[in-house]
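# Observations on the three-dimensional arrangement
Residue strings, one per chain:
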Amino acid sequence: MWGAKDNPKKMFHDYYQSGAEGEHTLNTTRDAFNSIKLKARALGDADAFKGTETTFLGHKIASPICLAPTAFHMLVNPEGECATARAAAGTKTLQCLSTWSNCSLEEVAEAAPDNLRILQCYFSRSDEVNKDIFERAEKAGYKALAVTVDTQILGNREADAENKFSLPKGIKMGTIAKYTSTHVTGVEGSGLDEYVRKYKHNGFTWKDILKIRQFTSLPIILKGIQCKEDAAKAVEYGADAIWVSNHGARQLDTTPASIEVLEECVQGVDGKIEVYFDGGVRRGTDVLKALALGASAVFIGRPQLWGLAIDGQKGVEDVLKILNSELQRSMILTDCQEVKDITKERVIHSAYCSPKYLTAKI
Ligand SMILES: Cc1cc2nc3c(=O)[nH]c(=O)nc-3n(C[C@H](O)[C@H](O)[C@H](O)COP(=O)(O)O)c2cc1C
Ligand SMILES: CCCCCCC(=O)C(=O)O
């Protein structure tokens, strides 16, 4: 059979696209967004529209649509995460860099020195390595750490196992290259499992969040919160923000779509810290729905990778521009002149749109 071994593009595509196991969560995410309806408002003043500018932990960004951390951008573009960084700078939005990036965090900072950037963190078993990464991030101008909390162990991505995913020779893990290697010895399964075994601290738990506080003065965001209990716990453990995410449906299959748990997570933090969101955002209307349900910024994962694969920096810029122009149009048609006007009243949940409700005598 013609497989990934003979066709690296298939291996890269599958790595980017796949979800965990039966991909039930991945496949139901679009339906979850579409079941939330927007409330159109008549005769809002389109000439009075002010724009999409907003803030992220107090920093100004031109749009609430930001770039999520996605590993290994050099699989589809030789400039890797540096190209993505320039695209974020070109559209004045925020880039969250993966610790598993191919370009190092310093190279990325140099590629777009003035842009707002934060660093996603997977923890090494060595405190010395973790401290070193935090120091490097701070020195290179990263403004916060997004600690991923949904990946205690790697999700079961069957396509990667079948393809025996590994990084091609010559492509390094830029940010963590000095602490680990990308050499894969195993003949079975996905090389990602081996990268994780060599580097990642799977025993990293809530108490370690308190420990990170002692290592860095950067704000700490917990990425991968999916229920109100954990949202409340994040506040209790001193997080500066939470990021509602199911890791692009790549971890535990059959969980709800992230948009379905956003409201309960917002309730869990009780207005004490900011809430960010990702998972299946493909249209400006999705952004508007997430903001209306309580997120203050929204991140895109795969769409940036498709843009990068098609046209490098310009491709990512195009994706961001298209989404932002769709967001603007939906804001105007729901009578929102600026981001702070995007409130819960802009959406109607599907439960209220059901035929039973519509025909009920009130
Ligand atoms: C190819 C790929 C690589 C990813 N790598 C990381 C990563 O290194 N760290 C992390 O916290 N999340 C990672 N994620 C998850 C994204 O940050 C984000 O949560 C998810 O992709 C959002 O869903 P979307 O792709 O539907 O927009 C990755 C996702 C994809 C698709
Ligand atoms: C520690 C797990 C490494 C996962 C590699 C990057 C990633 O998050 C992904 O979803 O793929």
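Residues numbered from 1 in each chain as written. Chains lettered and ligands numbered in written order. Predicted model: local features only at pLDDT ≥ 70, side-chain atom pairs only at ≥ 80, totals over all residues. Heavy atoms only, no water.

So, about empty space enclosed by the protein. In the structure shown here, the tally under the stated rule is four cavities of 30 Å³ or more. Put simply, the largest cavity is a space of about 490 Å³. In this structure, the largest cavity is lined by 32 residues; those nearest its centre are P69, T70, A71, H247 and R250. Listing elements by their share of the lining of the largest cavity, those giving two or more residues are α1 (8–17), α7 (191–199), β11 (297–300) and α12 (302–333). Tallied by class, the residues present in the lining of the largest cavity amount to 14 nonpolar, eleven polar and seven charged. If you add up the space inside the second largest cavity, you get close to 70 Å³. Considering the residues around the second largest cavity, the lining is formed by F123, S124, D127, N130, F134, H201, F204, D208, K211, I212 and F215. (1 Å grid on protein atoms, 1.4 Å probe; cavity = no way out; pocket = protein on both sides within 12 Å on 5 of 7 lines; lining within 4 Å. Points joined across faces, edges and corners; volume = space filled by probe spheres on them. Helix = DSSP H or I, 4+ residues; strand = E, 2+ residues; numbered from the N terminus. Nonpolar A, V, L, I, M, F, W, Y, C, P; charged D, E, K, R; others polar.)

Below, the discussion takes up the site of ligand 2. The full set of residues close to ligand 2 is Y15, A71, W100, Y122, T151, L154, R157, L192, V196, K200, H247 and R250. Take Y15: an N or O atom from its side chain is 2.6 Å from an oxygen atom of ligand 2. The separation between an oxygen atom of ligand 2 and a polar side-chain atom of H247 is 2.8 Å. Calculation on ligand 2 without its partners gives an accessible area of 330 Å², and the protein chains cover 95% of this total. A majority-of-atoms criterion places ligand 2 in the largest cavity. (Near = heavy atom within 4 Å. Polar contact = N/O pair within 3.5 Å; in protein donor to acceptor, adjacent residues only side chain to side chain. Areas by Shrake-Rupley, 256 points an atom, 1.4 Å probe, with all protein chains shown as cover. Sits in = over half its atoms within 2 Å of the grid points.)

With that out of the way, let us pick up the UniProt feature "binding site: glyoxylate" (unreviewed entry) in the protein. With numbering aligned to this structure, UniProt lists the feature "binding site: glyoxylate" (unreviewed entry) at Y15, Y122, R157, H247 and R250. Narrowing the list just given to those that line the largest cavity leaves Y15, Y122, R157, H247 and R250. Relative to the assigned elements, Y15 resides in helix α1. Given the relative accessible area of 6%, Y15 is considered buried. Among the secondary structure elements, H247 is positioned in the loop between β9 (241–244) and α10 (258–269). Judged by its relative accessible area of 13%, H247 is buried. Look past the residues within four positions of H247 in its chain and what remains in contact with it is Y122, T148, D150, T151, R157 and K223. A polar contact of 3.5 Å, which involves the side chain of H247, links it to the side chain of Y122. (UniProt positions renumbered as here; feature names shortened; annotations may be inferred. Buried < 20%, exposed > 50% of the residue type's maximum accessible area, 1.4 Å probe, protein only. Contact = heavy atoms within 4.5 Å.)

This next bit is on the side chain of N102. Tracing the backbone shows N102 in the loop between β5 (95–97) and α4 (105–111). Residue classification places N102 among the buried positions, given a relative accessible area of 0%. Side-chain polar atoms of N102 contact the backbone oxygen of K172, separated by 2.9 Å. Those residues in contact with N102 that sit more than four places away from it in its chain are F72, H73, M74, L75, E81, L167, I171, K172, M173 and G174.

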